[in-house]
Amino acid sequence: MDYPEMITRLPMADISFDGVEGWLLQGDDQQAVFMDIASIGEVPEHSHGAQFGVVLEGEMTLTIGGESRLYGKGDSYFIPSGVIHSAVFHSRVKVIDVFDEEARYQAKTG
């Protein structure tokens, strides 16, 4: 599944992980990011503002506040603000993440 052109015309997110692309939909206080994540393995523990997501494709294990669960197509998740979490991407994964932060990611320049 590829994102349609109406998504890929959005500004690309400046994401520091190799194999991860995202397109930003910016609100006044939140961001939605349409993510395309290669099978990159583990993203280490970190925390930030609240995050809600929906898996469109693929499988990943999220560990949220010390509890791990496998997520696949159609599953959703919520990570409360400040809760430590990590992820393991078992395959290519596409998710839509909504961050309760106005600037979780910046748009790529250049």
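In case you missed it, the structure is sitting above this.
Residues numbered from 1 in each chain as written. Predicted model: local features only at pLDDT ≥ 70, side-chain atom pairs only at ≥ 80, totals over all residues. Heavy atoms only, no water.

## A short note on the packing of aromatic side chains
In total, this model carries 4 aromatic pairs according to the counting rule given. The interplanar angle of 65° and the centroid separation of 5.7 Å between the aromatic rings of Tyr3 and Trp23 together place this pair among those described as edge-to-face. Taken as a pair, Tyr3 in the segment before α1 (5-8) and Trp23 in strand β1 (residues 20-26) lie far apart in primary sequence, 20 residues in all. An identical accessibility class is assigned to Tyr3 and Trp23; each is buried. Summarising the aromatic geometry, the rings of Phe99 and Tyr105 are spaced 5.6 Å apart at their centres and angled 75° between planes, so their arrangement reads as edge-to-face. The class of Phe99 is buried, set by a relative accessible area of 2%. Assessed through its relative accessible area of 15%, Tyr105 is described here as buried. (Phe/Tyr/Trp six-rings, centres within 6.5 Å; stacked < 30°, edge-to-face > 60°. Helix = DSSP H or I, 4+ residues; strand = E, 2+ residues; numbered from the N terminus. Buried < 20%, exposed > 50% of the residue type's maximum accessible area, 1.4 Å probe, protein only.)

## Overview of the sheet that holds strand β9 (residues 93-99)
Spatially, β1-β2-β9-β4-β7 is the arrangement adopted by the 5 strands of the open sheet, whose pairing is antiparallel. With partners counted over all chains shown, the strands left at the sheet margins are β1 and β7 (76-79), one partner each. Along the sheet, successive strands turn relative to each other by an average axial angle of 20°, direction set aside. In this sheet, β9 lies alongside strand β4 (residues 51-57) in antiparallel orientation, the contact comprising 6 bridges. Bridge assignment links Glu57 to a residue of β9, and that residue is Lys94. (Pairing = 2+ DSSP bridges. Axes fitted to C-alpha atoms, helices over the stretch in contact; angles between N-to-C directions.)

## A word on the environment of Ser81
Within the secondary structure, Ser81 sits in the loop between β7 and β8 (85-89). The exposed category is assigned to Ser81, whose relative accessible area is 56%. Spatially, the C-alpha atom of Ser81 lies 3.9 Å from that of Ala50, the residues being 31 residues apart in sequence. Not counting chain neighbours up to four residues away, the residues in contact with Ser81 comprise His48, Gly49 and Ala50. (Contact = heavy atoms within 4.5 Å.)

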